[in-house]
Amino acid sequence: MTDPSAEPSAPAPRWSIIGPGLVAAATGVGAGDLVATLAAGGRYGYALLWAAVLGAVIKVALAEGVGRWSLASGRTMFDGWSSLGGTGRLNWATAYFAVYVVVWGFVYGAAAMSASALPLAALFPAVELKVFAIASGLIGLGLTWLGGYRIFETVMAALVGLMFVTVVGLAVVVAPDLPRLLTGLWPTLPEGSLFYTLGLIGGVGGTITMAAYGYWLRAKGWRGAGWIRVMRIDNWVAYGMTGLFVVAMLIVGAELLHAGGVALAQGDRGLLDLGEVLAARFGPGVATAFLVGFWAASFSSLIGVWNGVSLMFGDFWAHMAGRPADDGIGADGGPAFKAYALWLTFPPMALLFMDRPVALIIAYGALGSLFMPFLAGTLIWLLNSTRVAPEWRNGWVSNTLLAAAALLFCVLAGRELIGLI
């Protein structure tokens, strides 16, 4: 394996090379995250703004850990998991991933297609939701199979642009109360807000695709420890934008819902309710623009998973076959990459005919919560070991944030599972 220290140093950072972090952050911020933040603002006003900011910082630590592992060790995330004890090609960590990625992918495929279809069905009510859902899955499959990383990153950047203009623009339209907004940066816990707070810290921008960040760094051509400085800038910029999305939705919730005493439906359909509130207050143009942003958030998550998790599965398959990792995650993705994209697309379509898209999204959230403690815990293990050079191992700040993330996600996973039972 190539010694990462022998890789050429990266060029000086330029804004034009920001990319993989934006892809990871946009994939993690779906419509469900936006409605959760909106609901928090609607229920508690600006009181939980500090939790949203803290959540963005924790996601920076997780993504930075994934990126630092990839660049400093020269190994993929799955390669790291395969080194955590056991004999042969399958150990406890890789077996966990193998079971998880198959079950989660089946549920997520239906949830993502449904979430992408909801705003389109609201914009074009004459077309059935299932039609938009199936079309979304097929388009995601086409982009995954036929487009390389450059095309994928370009499409993601365009969707992030739509999200930024519509979500942040909406926050400007509702005219936030800036003095009250600033008071929300002081940590407080309103009565009954504990799990809302934990969910806000852990929920936005955190999915299995955080582990795909290292694969997107490789696809971008960033390899070796010389790129760590660039990766950190990319990461901070990306999750800074995520923080802006969260703050914007909190503003909308506080100004439109909390101030007016408006309650929304649970799940992504709450965003459709918000569209009706916006149409009544600001006119159909603003409501339409918001639904476009809702679609961009949902569809960016879909194509991010179709690409990123398929790359991880390709790496898993290469390991199981005893081949070098890059055999499974080359420029064209490889057969296992394409096979997993098919798994995300066609089998889950059967679930679309259950006519319960919101329930599917809730089930996906419960399954998704099980991965984040695993990721945080294994990053602590890997980045404090001799697998990376001493200068790139965790310091006390990284260890503290990753440990906090592991604890937080364990609590959230337990709550999600208890809720399902």
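Things to note about the overall build of the protein chain
- When helices and strands are tallied, the protein chain shows 18 helices and 0 strands.
- Total accessible area on the protein chain stands at roughly 16,700 Å², and carbon and sulfur atoms take up 68% of it.

Remarks on a nonpolar patch on the surface
- On the surface, Val53, Leu54, Val57, Leu182 and Leu185 cluster together to form a nonpolar patch covering roughly 390 Å² of accessible area.
- Per element, the largest residue contribution to the nonpolar patch is 3 residues, and it comes from helix α3 (residues 49-73).
- Relative to the elements of secondary structure, valine 53 occurs in helix α3.
- The class of valine 53 is partly exposed, set by a relative accessible area of 37%.

Re the environment of glycine 414
- Mapped onto the elements, glycine 414 comes out in helix α18 (residues 396-420).
- Distance in space between the C-alpha atoms of glycine 414 and leucine 370 is 8.6 Å, their sequence separation being 44 residues.

As for helix α1 (residues 20-28)
- A large share of α1 lies buried, amounting to 9 of its 9 residues.
- Every buried residue of α1 is listed here: Pro20, Gly21, Leu22, Val23, Ala24, Ala25, Ala26, Thr27 and Gly28.
- Buried residues in α1 make contact with α2 (31-44), α7 (149-173), α10 (213-220), α11 (228-258) and α13 (284-320).

A closer look at the packing of helix α5 (residues 92-123) against helix α17 (residues 371-383)
- The interhelical angle for the contact between α5 and α17, taken along N-to-C directions, is 155°, at an axis separation of 12 Å. Relative to α17, the element α5 lies roughly antiparallel. As α5 runs across α17, the sense of the crossing is left-handed. Here Trp92, Ala93, Tyr96, Phe97 and Tyr100 of α5 come into contact with α17, specifically with Phe371, Phe374, Thr378 and Trp381.
- Its residues placed into classes, the contact of α5 with α17 shows 8 nonpolar, 1 polar and no charged.

Structural notes on the side chain of glutamate 64
- Summarising the element assignment, glutamate 64 is placed in helix α3.
- A relative accessible area of 10% places glutamate 64 in the buried class.
- A distance of 3.0 Å separates polar atoms of two side chains, one belonging to glutamate 64 and the other to arginine 232.
- Among residues more than four places away in sequence, those in contact with glutamate 64 are Met231, Arg232, Asn235 and Ser398.

Points about α13
- Its 37 residues give α13 an end-to-end C-alpha distance of 53 Å, which sits within 8% of 54 Å, the value for a rise of 1.5 Å per residue.
- Of all bends in α13, the biggest is about 25°, found at valine 305.
- Most of α13 is tucked away: 28 of the 37 residues are buried.
- Two residues or fewer after α13 comes glycine 322, characterised by a positive phi angle close to 75°.

Focus on the pattern of salt bridges
- The tally for this structure, following the rule as stated, stands at 7 salt bridges.
- As a salt-bridge pair, arginine 68 and glutamate 64 come within 2.9 Å of each other at their nearest N and O atoms. Taken together, the residues arginine 68 and glutamate 64, both in helix α3 and 4 residues apart, mark about one turn of the helix.
- Arginine 68 gets classed as buried once you look at its relative accessible area, which sits at 2%.
- Residues joined by salt bridges that share partners form a network here, namely Glu64, Arg68 and Arg232.

Examining the nonpolar core
- In terms of nonpolar packing, the biggest core is built from 133 residues, with Leu62, Met77, Trp81, Phe371 and Leu375 touching the most fellow members.
- Looking at this core, the element that brings in the most residues is α13, giving 16 residues.

Considering the confidence of the model for the protein chain
- In the predicted model, the protein chain carries a mean pLDDT of 84, and 84% of its residues have values of at least 70.
- Per-residue pLDDT, averaged within each element of the protein chain, yields its smallest value for helix α16 (residues 357-369) (56) and its largest for helix α6 (residues 129-146) (94).
- Note on residues 1-9: pLDDT under 50 across the span, and 14 contacts to partners over four residues away in sequence or across chains.
- Here residues 11-15 scores under 50 on pLDDT; set against residues more than four positions off or in separate chains, the count is 7 contacts.

Re the environment of methionine 163
- The residue methionine 163 is located in helix α7 in this model.
- What makes methionine 163 buried here is its relative accessible area of 1%.
- The spacing of methionine 163 and alanine 297 is 134 residues in sequence and 6.3 Å in space, taken between C-alpha atoms.
- Contacts of methionine 163, omitting those with residues within four sequence positions, involve Val29, Val168, Phe245, Gly293, Ala296, Ala297 and Ser300.

What to know about the side chain of serine 193
- When you line up the elements, serine 193 lands in the loop between α8 (178-183) and α9 (194-203).
- At a separation of 2.5 Å, a polar atom in the side chain of serine 193 contacts the main-chain carbonyl oxygen of proline 190.

Examining the packing of aromatic side chains
- One pass over the structure, following the stated rule, counts 26 aromatic pairs.
- Measuring from ring centre to ring centre gives 5.4 Å for phenylalanine 78 and phenylalanine 97, while their planes differ by 65°; the resulting arrangement is edge-to-face. Of this pair, phenylalanine 78 sits in helix α4 (residues 77-82) while phenylalanine 97 sits in helix α5, and the two are 19 residues apart along the sequence. In terms of burial, phenylalanine 78 and phenylalanine 97 fall into one category: buried.
- Measuring from ring centre to ring centre gives 5.6 Å for tryptophan 81 and phenylalanine 97, while their planes differ by 40°; the resulting arrangement is tilted. With tryptophan 81 in helix α4 and phenylalanine 97 in helix α5, the pair connects residues that are 16 residues apart, well separated along the chain.
- Owing to a relative accessible area of 0%, tryptophan 81 belongs among the buried residues under this scheme.
- On the basis of relative accessibility, which here comes to 0%, the residue phenylalanine 97 falls in the buried class.

What counts and how
Residues numbered from 1 in each chain as written. Predicted model: local features only at pLDDT ≥ 70, side-chain atom pairs only at ≥ 80, totals over all residues. Heavy atoms only, no water. Helix = DSSP H or I, 4+ residues; strand = E, 2+ residues; numbered from the N terminus. Areas by Shrake-Rupley, 256 points an atom, 1.4 Å probe, with all protein chains shown as cover. Patch = residues over 30% accessible without salt bridge, like charges linked within 9 Å, V, L, I, M, F, W, Y side chains within 5 Å. Salt bridge = Lys/Arg side-chain N within 4 Å of Asp/Glu carboxyl O. Buried < 20%, exposed > 50% of the residue type's maximum accessible area, 1.4 Å probe, protein only. Contact = heavy atoms within 4.5 Å. Axes fitted to C-alpha atoms, helices over the stretch in contact; angles between N-to-C directions. Parallel < 35°, antiparallel > 145°, perpendicular 65-115°, else oblique. Left-handed = near helix turned anticlockwise from the far one by under 90°. Nonpolar A, V, L, I, M, F, W, Y, C, P; charged D, E, K, R; others polar. Polar contact = N/O pair within 3.5 Å; in protein donor to acceptor, adjacent residues only side chain to side chain. Expected span 1.5 Å × (residues − 1). Bend = angle between axes of the 7 residues up to and from the residue. Core = buried A, V, L, I, M, F, W, Y, C linked by side-chain atoms within 4.5 Å. pLDDT = per-residue confidence, 0-100. Phe/Tyr/Trp six-rings, centres within 6.5 Å; stacked < 30°, edge-to-face > 60°.

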